[in-house]
Amino acid sequence: MTRPFERIDEYRVRIPKQGDMRVPGLIFADAQMMEVIATDRSPEQVVNVAHLPGIVGHSLAMPDIHWGYGFPIGGVAAFDPEDGVLSPGGVGYDINCGVRLLRSDLMHDEIVDRLEDLSLALYKAIPCGMGGSSTISLRKPELEDVLQGGARWAVEHGLGDNADLDVIEEGGRFPGAEPRKVSDRAKDRGRPQLGSLGSGNHFCELGYVAEIYDQDAAAAFGLGLGGVTLMLHSGSRGLGHQICDDALHTMLRASAKYGIALRDRQLCAAPLGSPEALDYFAAMACAVNFAFANRQVMTHFAREALLKFFGRGPGRPASPSELGLRVVYDVCHNIAKWEEHDVDGEKRRLCVHRKGATRAFGPGHPSVPARYRDIGQPVMVPGDMGRYSFVLAGAEGAMRETFGSCCHGAGRRLSRMAAKKLARTRPIFQELRERGVFVRADSKATVEEEISDAYKDVADVVDIVHGAGLARKVAKLVPLAVVKG
Amino acid sequence: MRAATVVAMGGIVPAVLQTPAVAGHRQIEHTADLAFELWADEFGELLAEAARAVVAVLTDGRAPAGTDVREVELAAFDDGDRLVRWLNEVLYLAIVEGFLVNDATLAITPEGLRGQARGCSGARDAVVTEVKSATYHDLVVRNDGGRWTARVVMDV
């Protein structure tokens, strides 16, 4: 489908309002990135979202946008409380899929010769893949406590520190969760999975700070050149998938009931004040909390493994202060939230959908933890397992243009099928080792689907959000040991 | 004969499939996810074929055979919804209960679907790939001249 793209400047492309679009589309991309984006159907999905009732400003797309289902992956849309809608397709199946970053006092040269054993220690510590049921199995009442308590539940049960909670979006506990709005099926799927990575693009990655672009921000985040980091990428597992499934079925009926015209069934939605939307929000909030708790429990598992690994022998683990392993930030990239934003000089309460997009609040925002408030919210943008990832800081531009949002990753370039086909012609594990990356995986197929070639270069993605003023580049992280599902 | 049902909104309908097989499927490219084209002479066969396609992905083509039976009853409001709800049932049975569907006899009811799924119980360990859900995105179910074709995108 040919779309009349209008280039606004080096980093912005507008899709003008036409037909029944309620707002224009706005894609953050330079000329080279736009060529890649235009090869799939994601711009059409930006247009589809622009048709939804009550959408405010623009139907937005980040430079890592790619073809999803319903919303594009990398899409952001905000809705007015009076005439706007809530759409499970604008959140995605993996509700509160997100990234957590930890820093440490360990240095790259201290671990570079021990990566084979270190990667094995992490692989054994963190349940992953399809066989990866957690060592924590919850009874139903406990699960309901998790759904309401989020990461706080984990900390209260000795799986982390209170200090961790200060640096999690929403303090690790999303308000409005009502476990009675979650189906038994979703609960069944969630109970054995707390503290597990899952498969696909989820990972646990030990890396190091290879480059610093902003000394003050890096210092505030606790990141120094050569310092070892740990990054976790996972979400709400089967519980979130089932909540999304359940909601889509309800919302399809609701769309017909409320006369919402859909250009894609996956965009089914209900008015924000309707019982259907309120029910979904209450269930979604449970999945958000499950995911915060999930990353918190995995953090605990990883910490325990590292303390043991760097200890002085059996039964004599290192002390937490020796490793200085501290959470930098935990941010989600699949969610719908009520937030206040300035729109044309007016402060408005809006329901912001971020699907494959990260919150990136700028300096001074009260939701940014006090220790980072002068800098801006940390934003983690993972690349692929063979190259690098970036840490950014949210900037003023995001507050002005994107409802405080920016990119979430590299964005796929090849389908999983194409990536596998390419990977099977090459010794992938050996190639990664030659680059200095030890990969441990539950499934070889997952690694094949996730090869570097399958992704855009994340450096190009972050250069665009940096250039557009949505976030500032702070540091580059290079992977050393990766655990995949 | 049932009327043709076109579920897609703004999508591309599957190409006419030139194949001698009564029922079959193939994977098609989708940047982020996994998509299937399916074909069969009857809607019930199409659903059984869809289950086999998904189970093959879940098990990397190594699903154990079995003749165990599960009763199935699903609410759905049209054929597209029937296909999506059925595949999500197949996923639930495999991932949570370890039951791998390899065939099904399903009847369309005004409320949705009812019938039996056949396959292998206790096969949770054979599931090696995670598939989150069948989606409604770009969904097509149609009946042209007595031949059923469908396209469904899976979130993986």
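Residues numbered from 1 in each chain as written. Chains lettered and ligands numbered in written order. Predicted model: local features only at pLDDT ≥ 70, side-chain atom pairs only at ≥ 80, totals over all residues. Heavy atoms only, no water.

A.B. asks: How do you make sense of the overall build of chain B when you look at a structure like this?
C.D. replies: If you tally the helices and strands in chain B, you get 2 helices and 8 strands. From first element to last, N terminus to C terminus, chain B shows the α and β order β-β-α-β-α-β-β-β-β-β. With 156 residues in all, chain B has 58% of them scored as buried. Here the analysis covers contacts within chain B between residues at least 6 apart in sequence; of these, 65% occur between residues at least 24 apart. About 6000 Å² of surface is accessible on chain B, with carbon and sulfur atoms providing 52% of the total. (Helix = DSSP H or I, 4+ residues; strand = E, 2+ residues; numbered from the N terminus. Buried < 20%, exposed > 50% of the residue type's maximum accessible area, 1.4 Å probe, protein only. Contact = heavy atoms within 4.5 Å. Areas by Shrake-Rupley, 256 points an atom, 1.4 Å probe, with all protein chains shown as cover.)

A.B. asks: Would you mind showing me how to read the packing of aromatic side chains here?
C.D. replies: Aromatic ring pairs are defined here through the distance separating the ring centres and the angle between the ring planes. Considering all chains together, one arrives at 7 aromatic pairs over all chains under this definition. Geometrically, the ring pair formed by Phe174(A) and Phe281(A) is tilted, given 5.8 Å between the ring centres and 40 degrees between the ring planes. With Phe174(A) in the loop between α7 (162–165) and α8 (184–190) and Phe281(A) in helix α11 (residues 275–309), the pair connects residues that are 107 residues apart, well separated along the chain. Classification of Phe281(A) as buried rests on a relative accessible area of 15%. Between Tyr388(A) and Phe390(A), the ring centres sit 5.6 Å apart and the planes meet at 70 degrees, which makes this aromatic pair edge-to-face. Across this residue pair, the class does not change: Tyr388(A) and Phe390(A) are buried. In this structure an aromatic cluster arises from ring pairing among Tyr213(A), Tyr388(A) and Phe390(A). One residue, Arg185(A), lies across the ring of Tyr92(B), its end atom 3.7 Å from the ring centre. (Phe/Tyr/Trp six-rings, centres within 6.5 Å; stacked < 30°, edge-to-face > 60°. Lys NZ or Arg CZ within 6 Å of the ring centre and 35° of its normal.)

A.B. asks: What should I look at first to understand the nonpolar core in this one?
C.D. replies: Proteins that are soluble and globular tend to have nonpolar side chains buried together. Ranked by internal contacts, the top residues of the largest apolar core, which has 225 residues, are Met284(A), Leu83(B), Trp86(B) and Met154(B). Broken down by element, this core gets its largest block of residues, 20 residues, from α11(A). Setting aside chain neighbours within four positions, we find Met284(A) in contact with Val91(A), Ile95(A), Phe174(A), Ile243(A), Ile335(A) and Ala336(A). (Core = buried A, V, L, I, M, F, W, Y, C linked by side-chain atoms within 4.5 Å.)

A.B. asks: In this structure, what is going on with the sheet that holds strand β5 (residues 112–120) of chain B? I would like to understand it.
C.D. replies: Each strand in a sheet pairs with another by means of backbone hydrogen bonds, the pair being arranged parallel or else antiparallel. Residue and element names in this part refer to chain B. Across the sheet, which stays open at both edges, the 3 strands sit in the order β3-β5-β4 with antiparallel pairing between neighbours. Every interior strand has two partners, whereas the edge strands, β3 (68–75) and β4 (100–109), have only one. Taking the axes of each pair of neighbouring strands and ignoring which way they run, one obtains an average angle of 20 degrees across the sheet. Relative to β5, β4 is paired through 9 bridges, and the arrangement is antiparallel. The residue bridging Leu100 from the neighbouring strand is Cys120, located in β5. Of the strands in this sheet, β4 and β5 touch helix α1 (residues 43–58), which is tilted by about 150 degrees from β4. Contacting β3, β4 and β5, helix α2 (residues 79–95) runs over the sheet at an angle of about 145 degrees to β4. (Pairing = 2+ DSSP bridges. Axes fitted to C-alpha atoms, helices over the stretch in contact; angles between N-to-C directions.)

Just distances and angles here, no functional claims.
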